[in-house]
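An overview of the molecular structure
Residues per chain are reported as follows:
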Amino acid sequence: MSNAQDTRDYDQLDPYNKSEFQNGQREYAKLVFYDYRGTNAFDVSFGAATLATGNTDNNNYGFYYRLGYKRHILDYFALGVSYNNYKLSYSLIDQGAIEIEQQLNSIDFNFEYIVLPYDEYTPFFYAGFGYNALDSFEVSSIKLQLGFGMEYIVTDKLGVRLFGEYNHSMDDDMEFLINDKDDDTIIRVGVGLNFYFGGSKEKERRLESIPTVIKSNLIEEE
């Protein structure tokens, strides 16, 4: 049986059921990761952002978009960077009903954990740090972020993702971001697409490292 034929049979195997696999068959099933996803991904997302804490009132949702890239260091783990642009709309409690709108940017760096990398549908979690800045990028402040979401692979190399994200400002005493004395919390939610690419060489290396006997003794469906 050739490698070309072999590499489609792993779709019938369950990489999470350890009891069904011997002599490397579980590793063989993991090759599906490179069909559904890949070692790299670009993402485009749209959604909304709002202030969740701080000395503010009438916190409305403003438009939010994100452009990102991530690199899988392992099937379950990835490192990512993203550019985010969003609008905050609110009024300060001690200044009456004056409505304030601010356009902000952030550059975020994240460590992501993919719960079920060999499935079409999986939860994911991520955490990291970033920099909030006014739209002019003249001033910035450090923040931490934590997020979670779900991804569904609609076709090979293309995933739809839903996510929610908590952002906490670390140095709000600068008062350039939100004009108060509190550390601010920003909530961002969105929907987007992951465009996966790469991984063909890694897939071949993994296939070649599996004992040849596996390719002639795959589990047959009853």
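Higher on the page you've got the structure.
Residues numbered from 1 in each chain as written. Predicted model: local features only at pLDDT ≥ 70, side-chain atom pairs only at ≥ 80, totals over all residues. Heavy atoms only, no water.

**Focus on the packing of aromatic side chains**
- Tallied over the full model, the rule gives 16 aromatic pairs.
- Look at Phe42 and Phe197: their rings are 5.3 Å apart centre to centre, the planes differ by 20 degrees, and that puts the pair in the stacked class. Of the two residues, Phe42 is situated in strand E1 (residues 40-51) and Phe197 in strand E9 (residues 185-197); the sequence distance between them amounts to 155 residues.
- Ring geometry for Phe63 versus Tyr65: centroids 6.3 Å apart, planes at 40 degrees, classification tilted.
- The exposure class assigned to Tyr65 is partly exposed, which follows from its relative accessible area of 26%.
- Taken together, Tyr76, Phe77, Phe111, Tyr113 and Tyr118 form an aromatic cluster joined through their ring pairs. (Phe/Tyr/Trp six-rings, centres within 6.5 Å; stacked < 30°, edge-to-face > 60°. Helix = DSSP H or I, 4+ residues; strand = E, 2+ residues; numbered from the N terminus. Buried < 20%, exposed > 50% of the residue type's maximum accessible area, 1.4 Å probe, protein only.)

**Here's the deal with the side chain of Asn84**
- One can find Asn84 in strand E4 (residues 77-92).
- A polar atom in the side chain of Asn84 sits 2.8 Å from the side chain of Tyr64.
- Dropping the residues within four chain positions of it, Asn84 is found in contact with Tyr64, Tyr65, Arg66, Leu104, Asn105, Ser106, Asp108 and Arg188. (Polar contact = N/O pair within 3.5 Å; in protein donor to acceptor, adjacent residues only side chain to side chain. Contact = heavy atoms within 4.5 Å.)

**Focus on the pattern of salt bridges**
- Enumeration over the complete set of coordinates arrives at 10 salt bridges.
- One salt-bridge network, held together by shared partners, links Asp108, Lys143, Glu165 and Arg188. (Salt bridge = Lys/Arg side-chain N within 4 Å of Asp/Glu carboxyl O.)

**Here's the deal with the nonpolar core**
- Among the nonpolar cores identified, the biggest contains 11 residues, and these are Ala49, Leu51, Tyr64, Tyr86, Leu88, Tyr90, Leu104, Phe124, Tyr126, Phe163 and Ile186.
- A total of 3 residues in this core trace back to one element, the largest contributor, which is E4.
- The contacts of Ala49, once residues within four sequence positions are left out, are Asn60, Tyr61, Gly62, Tyr64, Tyr86, Lys87, Leu88, Ile187 and Arg188.
- Among the nonpolar cores identified, the runner-up in size contains 8 residues, and Val32, Tyr34, Tyr36 and Ile153 belong to it. (Core = buried A, V, L, I, M, F, W, Y, C linked by side-chain atoms within 4.5 Å.)

**Looking at the layout of surface pockets**
- One number sums up the size of the largest pocket: a volume of about 150 Å³.
- What lines the largest pocket is Phe33, Tyr34, Thr39, Arg71, His72, Ile73, Leu74, Asp75, Tyr76, Tyr118, Glu202 and Arg206.
- Residue assignment for the lining of the largest pocket shows that the elements contributing at least two residues are helix H3 (33-36), strand E3 (62-72) and helix H4 (200-209).
- Split into classes, the residues belonging to the lining of the largest pocket amount to 6 nonpolar, 2 polar and 4 charged. (1 Å grid on protein atoms, 1.4 Å probe; cavity = no way out; pocket = protein on both sides within 12 Å on 5 of 7 lines; lining within 4 Å. Points joined across faces, edges and corners; volume = space filled by probe spheres on them. Nonpolar A, V, L, I, M, F, W, Y, C, P; charged D, E, K, R; others polar.)

**So, unusual backbone geometry**
- Its identity as a non-glycine residue notwithstanding, Lys157 has a phi of 75 degrees, on the positive side.
- Judged by its relative accessible area of 26%, Lys157 falls in the partly exposed class.

**Concerning the environment of Ala48**
- Among the secondary structure elements, Ala48 is positioned in strand E1.
- Taking relative accessible area as the criterion, Ala48 reaches 18% and is therefore assigned buried.
- C-alpha of Ala48 to C-alpha of Val189: the two residues are 141 residues apart in sequence and 5.6 Å apart in space.
- Those residues in contact with Ala48 that sit more than four places away from it in its chain are Tyr61, Gly62, Tyr64, Ile187, Arg188 and Val189.

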